[in-house]
Amino acid sequence: EPEVTQTPSHQVTQMGQEVILRCVPISNHLYFYWYRQILGQKVEFLVSFYNNEISEKSEIFDDQFSVERPDGSNFTLKIRSTKLEDSAMYFCASRAGTGGADTQYFGPGTRLTVL
Amino acid sequence: SQQGEEDPQALSIQEGENATMNCSYKTSINNLQWYRQNSGRGLVHLILIRSNEREKHSGRLRVTLDTSKKSSSLLITASRAADTASYFCATDGNQFYFGTGTSLTVIP
């Protein structure tokens, strides 16, 4: 069964560094998402991406963040100048978006630790 | 936002018992979905129910939807220790807004 994959599973970085989290959505899906979950808190929506551009973003998704679909398979989240409070699980999701198929399929997540 | 809010926040039952958790939302929807998250892991899609459906079954899962009350329930029958996880509802839309979930503990 197709699934969303994410790499790396765990990323450790120093405060102020830039990180890129990678996701491979399910093939032929059209909508892509990033979510964040700080330890012990709820899963929070960051951004959605469709047709090579951001379709919606939350107030969390400020200029520190950017997303890109550099090729036909990868979907990346870049976090510039990381802060301690960026430590969280980051989940990628994709959705087919055709014929009313609204199910979002989530990847296993990347645990980001900022030291 | 079409945020789902689950209750109870925590539920502890014995293996073999049924577990019921509820979700309320604020705006009209096309569908509602339930997800499970094991501790520190990703979200696994469980079931989707459309707004014109009132009840749906999938294995040991039974979901109901009451659009007049803007609420849904998830029933897990004959629970197992492996069902221990957090359960979230999410409504349709381009982005999901998750509640804090119901933390279910099934005691062997």
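First, a word on scope: everything that follows refers to the structure included in this document.

Cut-offs and rules
- Residues numbered from 1 in each chain as written.
- Chains lettered and ligands numbered in written order.
- Predicted model: local features only at pLDDT ≥ 70, side-chain atom pairs only at ≥ 80, totals over all residues.
- Heavy atoms only, no water.
- Phe/Tyr/Trp six-rings, centres within 6.5 Å; stacked < 30°, edge-to-face > 60°.
- Helix = DSSP H or I, 4+ residues; strand = E, 2+ residues; numbered from the N terminus.
- Buried < 20%, exposed > 50% of the residue type's maximum accessible area, 1.4 Å probe, protein only.
- Lys NZ or Arg CZ within 6 Å of the ring centre and 35° of its normal.
- Contact = heavy atoms within 4.5 Å.
- Salt bridge = Lys/Arg side-chain N within 4 Å of Asp/Glu carboxyl O.

1. Regarding the packing of aromatic side chains
Okay, step 1: Under the definition given, this model contains 9 aromatic pairs over all chains.
Okay, step 2: Pairing Phe 49 of chain A with Phe 75 of chain A gives two aromatic rings, centres 5.3 Å apart and planes at 45°, and the pair type is tilted. Taken together, the positions of Phe 49 of chain A in strand E5 (residues 43-50) and Phe 75 of chain A in strand E8 (residues 75-79) put the pair 26 residues apart, joining distant regions of the chain.
Okay, step 3: For Phe 49 of chain A, a relative accessible area of 5% translates into the label buried.
Okay, step 4: Given a relative accessible area of 0%, Phe 75 of chain A falls into the buried group.
Okay, step 5: Members of the aromatic cluster, each reached through a chain of ring pairs, are Tyr 33, Tyr 35, Phe 45 and Phe 106 of chain A together with Tyr 35 of chain B.
Okay, step 6: Sitting above the plane of the Tyr 31 of chain A ring, Arg 95 of chain A keeps its charged end 4.1 Å from the centroid.

2. A look at the environment of Gln 9 of chain B
Residue and element names in this part refer to chain B.
Okay, step 1: Residue placement: Gln 9 occurs in the loop between strand E1 (5-7) and strand E2 (10-14).
Okay, step 2: Residue Gln 9 is classed as exposed on the basis of its relative accessible area of 60%.
Okay, step 3: Once the C-alpha coordinates of Gln 9 and Leu 104 are considered, the two residues, 95 residues apart in sequence, prove to be 8.6 Å apart.
Okay, step 4: Ignoring any residue separated from it by four or fewer positions in sequence, one finds Gln 9 in contact with Thr 100, Gly 101, Thr 102 and Ser 103.

3. Section: unusual backbone geometry
Okay, step 1: Omega for the bond connecting Thr 7 of chain A with Pro 8 of chain A falls within 30 degrees of zero, at -10°, which places this linkage in the cis form.
Okay, step 2: Within the secondary structure, Pro 8 of chain A is located in the loop between strand E1 (5-7) and strand E2 (10-13).
Okay, step 3: Residue Pro 8 of chain B is bonded to the preceding Asp 7 of chain B through a cis peptide linkage, with omega at 0°.
Okay, step 4: Of note, Pro 8 of chain B is situated in the loop between E1 and E2.
Okay, step 5: With a phi close to 55°, Asn 51 of chain A is a non-glycine residue in the positive phi region.
Okay, step 6: Residue position: Asn 51 of chain A is located in the loop between E5 and strand E6 (53-57).
Okay, step 7: A residue is classified by how much of its surface remains accessible, and Asn 51 of chain A, at 58% relative accessible area, is exposed.
Okay, step 8: Look at Asn 52 of chain A: it is not a glycine, yet its phi comes out positive at around 65°.
Okay, step 9: With respect to the helices and strands, the residue Asn 52 of chain A is situated in the loop between E5 and E6.
Okay, step 10: Overall, the relative accessible area of 60% leaves Asn 52 of chain A in the exposed class.

4. Things to note about the pattern of salt bridges
All names here are of chain B.
Okay, step 1: With the rule as written, the count across this model stands at 3 salt bridges over all chains.
Okay, step 2: The residue Glu 55 makes a salt bridge to Arg 62 at a minimum N-O spacing of 3.1 Å.
Okay, step 3: Judged by relative accessible area, Glu 55 falls into the partly exposed class, the value being 39%.
Okay, step 4: For Arg 62, a relative accessible area of 30% corresponds to the partly exposed category.
Okay, step 5: Between Arg 60 and Asp 83 there is a salt bridge whose closest N-O contact spans 2.9 Å. Note that Arg 60 is positioned in the loop between strand E6 (55-58) and strand E7 (61-66) and Asp 83 in the loop between strand E8 (71-76) and strand E9 (85-91), a separation of 23 residues in sequence.

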